[in-house]
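Topology and contacts: notes
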Amino acid sequence: MFEAPTRAEATTTLHFASNGNFDSAGSYVPGSAGFNLADVSSLAQLDSLPDGVRGLVWVGQCNGADAKFVDTVRPFIGHPKLFGFYLMDDPDPTGQHFPLCTADHLKAESDWVHANVPGAKTFILLMTMTSSRTPSFKDTYNPANSHVDLYGIDPYPCRTELNGCDYHQVDRYVAAAESAGVPRDNMVPVYQTFGGGRWMDDGGGRYVLPSASQMQHILARWDALIPAPVFDFAYSWGSQNGDSALAGAPELQAVFLRRHQNPIALNRMN
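Reference entry: report on the structure contained in this document.

Definitions and cut-offs
Residues numbered from 1 in each chain as written. Predicted model: local features only at pLDDT ≥ 70, side-chain atom pairs only at ≥ 80, totals over all residues. Heavy atoms only, no water. Core = buried A, V, L, I, M, F, W, Y, C linked by side-chain atoms within 4.5 Å. Buried < 20%, exposed > 50% of the residue type's maximum accessible area, 1.4 Å probe, protein only. Disulfide = S-S within 2.5 Å. Helix = DSSP H or I, 4+ residues; strand = E, 2+ residues; numbered from the N terminus. Axes fitted to C-alpha atoms, helices over the stretch in contact; angles between N-to-C directions. Left-handed = near helix turned anticlockwise from the far one by under 90°. Contact = heavy atoms within 4.5 Å. Nonpolar A, V, L, I, M, F, W, Y, C, P; charged D, E, K, R; others polar. 1 Å grid on protein atoms, 1.4 Å probe; cavity = no way out; pocket = protein on both sides within 12 Å on 5 of 7 lines; lining within 4 Å. Points joined across faces, edges and corners; volume = space filled by probe spheres on them. Salt bridge = Lys/Arg side-chain N within 4 Å of Asp/Glu carboxyl O. Expected span 1.5 Å × (residues − 1). Arc of directions from axis to C-beta.

If you look at the biggest cluster of nonpolar residues, it comprises 60 residues, and the most contacted ones within it are F35, F85, L106 and I124. Formed by 17 residues, the second largest nonpolar core is a distinct cluster that contains L14, F16, L37 and Y207.

Now the structure itself:
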């Protein structure tokens with residue numbers, strides 16, 4: 001049986017859960033589980049956030065600092081609730097899996113943000129270029145070639161073919177990102193909070209929504225490796241592909257709420 005580490009004490013204070021952050025009335029809903037970094041795509045959504053919640057603005061272009069990019073980003077300049085910009089999700093430097101996204105284009109976007117939006121962070125979610133068993137981020141993106149501030153690292157260890165979770169997948173992803181030039185201080189832990197639906201994993205099975213106990217092991221594994229990230233990331237709050245996600249999992253919401261209210265106490269419980 002996997003034994004969760006106990007030595008680290010998480011000190012992260014910003015918590016992000018992507019997708020489906022606003023209900024039909026426009027209210028921010030992940031706050032009920034202690035999430036305080038919102039997934040926003042408009043100025044109106046950023047304006048609507050409650051006190052104590054900041055916004056990570058989705059961009060998703062990777063065409064460099066062209067007119068469209070500037071028009072997307074400029075309205076958020078100076079907003080007191082702005083945290084930063086989510087430049088790309090799973091950018092592909094080869095163009096084999098998704099549209100080509102070059103490090104130079106991300107560099108131009110990130111440089112524009114740093115020059116024109118003081119204090120704002122830039123963020124991308126990295127895609128492994130190999131299998132989850134032997135992840136690699138070689139020749140993709142790092143602070144040296146893209147000037148992006150923060151990099152989401154997203155092992156999803158709970159799968160049907162494993163009859164449980166491979167918690168050491170977290171270690172492999174962190175080591176691979178570090179080997180590719182991403183320092184741990186620039187990494188953002190991404191926690192698996194989805195399962196089922198139409199998602200297929202790369203081992204011939206399907207992802208499984210972690211139980212509360214499994215989630216505590218995942219969190220403890222991350223805390224042992226990256227105890228104080230700038231923020232952490234639960235994927236996903238809302239369902240994306242017919243799957244079960246955090247919005248419909250009250251037992252997982254309870255784990256995160258306890259953690260966000262008192263992260264050190266929860267770690268010591270493990």
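Let us now look at the state of the cysteines. Counting across every chain of the model gives 2 disulfides. Two residues, C62 and C101, share a disulfide whose sulfurs are 1.9 Å apart. Between C62 and C101, the disulfide has an S-S torsion of 90 degrees and is therefore right-handed. Here C101 lies in the loop between strand 4 (82-89) and helix 3 (103-116) and C62 lies in the loop between strand 3 (54-58) and helix 2 (67-73), a separation of 39 residues in the sequence. Residue C62 shares its accessibility class with C101, and that shared class is buried.

Within the element layout of this structure, A175 appears in helix 5 (residues 169-179). Between the alpha carbons of A175 and P135 there is a distance of 8.9 Å; along the sequence they are 40 residues apart.

Next up on the list: the packing of helix 6 (residues 212-225) against helix 7 (residues 250-261). It is the contact of helix 6 with helix 7, at a shortest axis distance of 9 Å, that shows an interaxial angle of 35 degrees. As for how helix 6 packs across helix 7, the hand of that crossing is right-handed. Where helix 6 approaches helix 7, its residues A212, M215, Q216, L219 and D223 are matched on the opposing element by E251, L252, V255, F256, R258 and R259. Across the contact of helix 6 with helix 7, the residue classes tally to 6 nonpolar, 1 polar and 4 charged.

Next up on the list: the layout of surface pockets. Volume-wise, the largest pocket comes out at about 920 Å³. D89, D90, L125, D154 and Y156 are the residues nearest the centre of the largest pocket, which is lined by 37 residues in total. Contributions of two or more residues to the lining of the largest pocket are made by strand 2 (37-40), strand 4 and strand 11 (232-235). Looking at which element gives the most residues to the lining of the largest pocket, the answer is strand 4, with 3 residues. Taken together, the residues of the lining of the largest pocket break down into 19 nonpolar, 10 polar and 8 charged.

In total, this model carries 7 salt bridges according to the counting rule given. Where K107 meets D111, a salt bridge forms, and the shortest distance between an N and an O atom there is 3.4 Å. Pair noted here: K107 and D111 are both in helix 3, with a separation of 4 residues, about one helical turn. According to the relative accessible area criterion, K107 is partly exposed, its value standing at 29%. A relative accessible area of 28% places D111 in the partly exposed class. The residue R259 makes a salt bridge to D223 at a minimum N-O spacing of 2.8 Å. You can see R259 sitting in helix 7 and its partner D223 sitting in helix 6, a full 36 residues away along the chain.

This next bit is on helix 7. Between the first and last C-alpha of helix 7 there are 16 Å, a value that for 12 residues agrees with the 16 Å anticipated at 1.5 Å per step. For helix 7, the full list of buried residues reads L252, Q253, V255, F256, R259 and H260. When helix 7 is viewed along its axis, its buried side chains cluster within an angular range of 155 degrees and face the same direction. What points out from helix 7, more than 90 degrees from its buried face, is the exposed set P250 and Q261.

Relative orientation of the contacting elements helix 5 and helix 6 amounts to 35 degrees, with a least axis distance of 9 Å. Of the two elements, helix 5 crosses helix 6, and the hand of that crossing is right-handed. Each of V170, D171 and V174 in helix 5 lies in contact with helix 6, whose residues at this interface are R221, W222 and L225. The residue inventory of the contact of helix 5 with helix 6, partitioned by class, reads 4 nonpolar, no polar and 2 charged.

The next point concerns the environment of V182. Summarising the element assignment, V182 is placed in the loop between helix 5 and strand 9 (187-192). For V182, a relative accessible area of 1% translates into the label buried. Spatially, the C-alpha atoms of V182 and P143 are 6.6 Å apart, while their sequence positions differ by 39 residues. Here V182 is in contact with L126, Y141, N142, P143, Y151, A177 and M187, once residues within four sequence places are set aside.

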